[in-house]
Amino acid sequence: MSHAIRAASGADLPLLAQVERSAAALFAQAGPALAWLAQGETLPLSTLQALQQQGGVWVAADGCNMPVGFLGAELLDGQLFIVELSVALPQQRQGLGARLLDAAAAHARSLGCAWLTLSTYRHLPWNGPYYARHGFSEIDAAALGAGHARKLAREARDGHEPALRCLMRMPLAR
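Let me sum up the structure you'll find in this document. These numbers were taken from a predicted model, which means no experiment stands behind them. All residue numbers here refer to positions counted from 1 along the written sequence of the relevant chain. Only residues with pLDDT of 70 or above have their local features reported here, since the model is predicted, and side-chain atom pairs are shown and tallied only from 80 upward, although totals for entire chains, interfaces and linings are computed over all residues. The basis for every side-chain value is the complete set of heavy atoms in the structure, and neither hydrogens nor water enter the calculation.

1. A short note on the overall build of the protein chain
Turning to step 1, where the next piece is worked out: Scanning the protein chain from terminus to terminus reveals six helices and seven strands.
Turning to step 2, where the next piece is worked out: Numbering of helices and strands runs from the N terminus; a helix is a DSSP stretch of H or I covering at least four residues, while a strand is a stretch of E covering at least two. Walking the protein chain from its N terminus toward its C terminus, one meets helices and strands in the order β-α-α-β-β-β-α-β-α-β-α-α-β.
Turning to step 3, where the next piece is worked out: For the protein chain, the C-alpha radius of gyration of 15 Å lies close to 16 Å, the compact-globule estimate for 174 residues.
Turning to step 4, where the next piece is worked out: Whether a residue is buried, partly exposed or exposed follows from its accessible area with a 1.4 Å probe, protein chains only, as a fraction of its type maximum: under 20%, in between, or over 50%, in that order. Here the protein chain holds 174 residues, and the buried ones make up 48% of them.
Turning to step 5, where the next piece is worked out: By definition, residues are in contact when any of their heavy atoms lie within 4.5 Å. Counted over contacts in the protein chain with a minimum sequence separation of 6, partners at least 24 positions apart contribute 68%.
Turning to step 6, where the next piece is worked out: Of the roughly 8,400 Å² that the protein chain leaves accessible, carbon and sulfur atoms contribute 55%. Here the globule rule reads 2.2 Å times residues to the power 0.38, and the radius of gyration is calculated from C-alpha atoms. Note on areas: these come from Shrake-Rupley sampling with a 1.4 Å probe, and a residue is covered only by the protein chains present in the view.

Now the structure itself:
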């Protein structure tokens, strides 16, 4: 089945929590230290609405035009920062994440950004190594700016183990 990648509509936004929850189920397999993420809070609807108003939410829609994956991003320190990339468990490993990354990269280029950035777990196969396969490399927060450093600090306050987290960036060809 072919999936369309498109800008999220207002009607899509309330459906994205179930996509995020499905994707997060992988964390239950990552060991007890990260199992809490499988039950963690999803992005608030208000956050998704704010990202969408800036043109920063894309969905992978199935044949019935229902979202099965999404990417939300925002400008941060002059770069496009990926707030969330989630693909529902049944639709994973079909290239939807890569296609959503492509949509975000095209948007970032149109805004004049040099990099696509994100924070992730460096050791989980579907986190750091996944993004590395898609052209991202680890970078120090100081090289990206104060906004990125604040993101990492907030993640630590939210319960993410700082030693396991990293910032990554992907260069955007002009």
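There's plenty left to go through after this.
2. Considering helix α1 (residues 16-24)
Turning to step 1, where the next piece is worked out: Buried within α1 are the following residues: L16, V19, E20, S22, A23 and A24.
Turning to step 2, where the next piece is worked out: Against the buried residues of α1 lie α2 (45-53), β2 (57-61), β3 (67-76) and β4 (79-87).

3. What to know about the nonpolar core
Turning to step 1, where the next piece is worked out: As used here, the term nonpolar core means buried Ala, Val, Leu, Ile, Met, Phe, Trp, Tyr and Cys residues forming a set that is joined through side-chain atoms within 4.5 Å. The biggest cluster of nonpolar side chains holds 27 residues, and the ones touching the most others in it are L71, L116 and F136.
Turning to step 2, where the next piece is worked out: Those elements that place two or more of their residues in this core are β2, β3, β4, α3 (96-110), β5 (115-121), α4 (128-133) and β7 (165-171).
Turning to step 3, where the next piece is worked out: With residues up to four places along the chain from it excluded, the contact list for F136 reads I82, L101, L116, T117, L118, Y131, M168, R169 and M170.
Turning to step 4, where the next piece is worked out: Of all hydrophobic cores here, the second largest spans eleven residues; its members include A8, V19, F70 and A88.

4. Considering the pairing of β4
Turning to step 1, where the next piece is worked out: In terms of residue burial, β4 counts as a mostly covered element, since eight of its nine residues are buried.
Turning to step 2, where the next piece is worked out: DSSP calls a pair of strands paired once it identifies at least 2 bridges connecting them. Note: β3 against β4, eight bridges, orientation antiparallel. Of the residues in β4, the one forming a bridge with L75 is L80.
Turning to step 3, where the next piece is worked out: Two successive antiparallel strands, β3 and β4, enclose a turn made up of two residues, where D77 displays a positive phi of approximately 55°.
Turning to step 4, where the next piece is worked out: When β4 meets β5, the two strands line up parallel, connected through three bridges. Paired with F81 across the bridge in β5 is T117.
Turning to step 5, where the next piece is worked out: Think of it like this: strands point away, you trace from the first strand over the helix to the second, and a clockwise trace means the crossover is right-handed. On the question of chirality, the crossover connecting β4 to the parallel β5 by way of α3 is right-handed.

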